[in-house]
Amino acid sequence: MRKKIVAGNWKMNKTLQEANTLASEVLAMVNDEVKGDVKVIFCTPFPYLQSVKTIVGNNNRISVAAQNCSEHESGAYTGETSAAMLKSMDIPYVILGHSERRQYFGEDGKLLAKKVDVALKNGLAPIFCCGEVLEIREKGTHEQLVKQQVEESLFHLSADDLKKVVVAYEPVWAIGTGKTATAQQAQEMHAVIRKHIAGKYGQPTADEITILYGGSVNAANAKELFANPDVDGGLVGGASLKSREFTEIVKSI
Ligand code: PGA
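All residue numbers here refer to positions counted from 1 along the written sequence of the relevant chain. Only residues with pLDDT of 70 or above have their local features reported here, since the model is predicted, and side-chain atom pairs are shown and tallied only from 80 upward, although totals for entire chains, interfaces and linings are computed over all residues. Remark: hydrogens and water are excluded; side-chain values derive from all non-hydrogen atoms of the structure.

Regarding the packing of helix α1 (residues 16-33) against helix α12 (residues 243-251)
It is the contact of α1 with α12, at a shortest axis distance of 9 Å, that shows an interaxial angle of 35°. Here α1 and α12 pass one another in a crossing that is right-handed. Seen from α1, the contacting residues are Leu-22, Glu-25, Val-26, Met-29, Val-30 and Glu-33; seen from α12, they are Ser-243, Arg-244, Phe-246, Thr-247, Glu-248 and Lys-251. In this count, Pro and Cys sit with the nonpolar residues alongside Ala, Val, Leu, Ile, Met, Phe, Trp and Tyr, while Asp, Glu, Lys and Arg are called charged and the others, Gly among them, polar. Classifying every residue of the contact of α1 with α12 by side-chain character gives five nonpolar, two polar and five charged. Here the axes come from fitting lines to C-alpha atoms, over the contacting stretch only for helices, and the angles between their N-to-C directions go from 0 to 180 degrees. Secondary structure elements are defined from DSSP: runs of H or I of at least 4 residues count as helices, runs of E of at least 2 residues count as strands, and each element is numbered from the N terminus. The hand of a helix crossing depends on one turn: near helix anticlockwise from the far one by less than a right angle means left-handed, and clockwise means right-handed. Whether two residues touch is decided by their heavy atoms; if any such pair falls within 4.5 Å, the residues are in contact.

Comments concerning the pairing of strand β2 (residues 39-43)
The buried count for β2 comes to five of five residues, which makes it a mostly enclosed element. The buried label goes to any residue with under 20% of its type's maximum accessible area, the exposed label to any with over 50%, and the partly exposed label to all in between, with areas taken from a 1.4 Å probe on protein chains only. Of the two faces of β2, the one lined by Lys-39, Ile-41 and Cys-43 and the one lined by Val-40 and Phe-42 are each fully buried. Being paired, for any two strands, means DSSP has found at least two bridges between them. In the sheet, strand β1 (residues 5-9) pairs with β2 via five bridges, with the strands oriented parallel. When the bridges of β2 are listed, Gly-8 appears paired with Phe-42. A clockwise course of the path from the first strand over the helix to the second, judged with the strands pointing away from the viewer, identifies a crossover as right-handed. In this view, the connection linking β1 to its parallel neighbour β2 by way of α1 has right-handed handedness. Note: β2 against strand β3 (residues 62-66), four bridges, orientation parallel. Paired with Val-40 across the bridge in β3 is Ile-62.

Things to note about the sheet that holds strand β4 (residues 93-96)
Taken in spatial order, the eight strands of this closed barrel run β1-β2-β3-β4-β5-β6-β7-β8, and their pairing is parallel. If you compare each strand with its neighbour and ignore which way they point, the axes differ by 25° on average. Here helix α9 (residues 183-201) sits on the sheet and contacts β5 (125-130), β6 (166-169) and β7 (211-214); the angle it forms with β7, its principal contact strand, is near 145°.

Some thoughts on the side chain of Asn-228
On the secondary structure map, Asn-228 appears in the loop between α11 (222-226) and β8 (233-236). Among the residues examined, Asn-228 registers a relative accessible area of 13% and is labelled buried. N or O atoms within 3.5 Å of each other form a polar contact, as long as, within protein, one can give a hydrogen and the other can take it, and as long as residues adjacent in sequence are counted only when both atoms are side-chain atoms. Only 2.9 Å separates the side chain of Asn-228 from the backbone oxygen of Leu-225, close enough to count as a polar contact. Setting aside anything within four residues of it in sequence, one finds Asn-228 in contact with Ala-183 and Gln-187.

Re the packing of aromatic side chains
Pairing of aromatic side chains here covers Phe, Tyr and the six-membered ring of Trp, requires ring centres within 6.5 Å, and sorts the geometry by plane angle: under 30 degrees stacked, over 60 edge-to-face, intermediate tilted. What the rule picks out here adds up to three aromatic pairs. Where Trp-10 meets Phe-42, the ring centres are 5.4 Å apart and the plane angle is 40°; that geometry is what we call tilted. Within this pair, whereas Trp-10 is found in the loop between β1 and α1, its partner Phe-42 is found in strand β2, the two being separated by 32 residues in sequence. Between the aromatic rings of Phe-155 and Tyr-201, the centroid separation amounts to 5.5 Å while the plane-to-plane angle is 80°, which identifies the pairing as edge-to-face. You can see Phe-155 sitting in the loop between α7 (142-154) and α8 (159-162) and its partner Tyr-201 sitting in helix α9, a full 46 residues away along the chain. Accessibility expressed as a relative area gives 12% for Phe-155, which makes it buried. Here Tyr-201 falls in the buried class, since its relative accessible area comes to 15%. Whether a charge sits over a ring depends on NZ of Lys or CZ of Arg being within 6 Å of the ring centre and within 35 degrees of the ring normal. Across from the ring centre of Phe-105, 3.9 Å away, lies the NZ or CZ of Arg-101, which sits over that ring. Geometry around Tyr-201 places Lys-200 over its ring, the cationic atom sitting 5.8 Å from the centre.

Dropping the structure here:
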């Protein structure tokens, strides 16, 4: 059975005090209210990782993740954070290839393949994001594009390493726009991704990969999105900044 995951991508938001409050509130609500088998991940800004990790403690349902890491092992790369640093802090997950990184920081498939490698080498599970911009969706080439993104950055991996990766399908036109993909659009794309993985690695491996949906997930639409057979949870941006709303999303799985 593949893992169900609801991850909150806090992006570049919150002060340290606000981040601590958010983590404490969600932790308490999840402890009290969430019964099912779901993993909750707080993807915090780098400076708050340690503090949020301390708040979470050894809760086995909640983990902390970084939002990015360098493709380099170590060295003269001012301002960067390495996978080895994250490993030394016991951080289990790292988001890689978020569309904001692709769009504003020029990250492409080749670079992301290197980041995936360095993350895995350091025992971190990548939450690998893919997804098309509106123009591609309108042209009708979104399936091809997303398959290519997955292929470029993940298909050099062994099956054992691929199984450690969480994929997040996030149509760029749905991120932060309030415009969610319909449950049917999400299911279609998740099935396309799973089928593509099955074509290269076989169905049993593809069936083990958690594929999250991201893009304007909120407490009102989460249930319908998560009800799809190939949607194994969500990567939530804006709605993860509010403890009550995020907890409701976690409960929708
Ligand atoms: P959103 O962001 O939920 O605010 O659309 C999702 C994401 O970028 O991961």
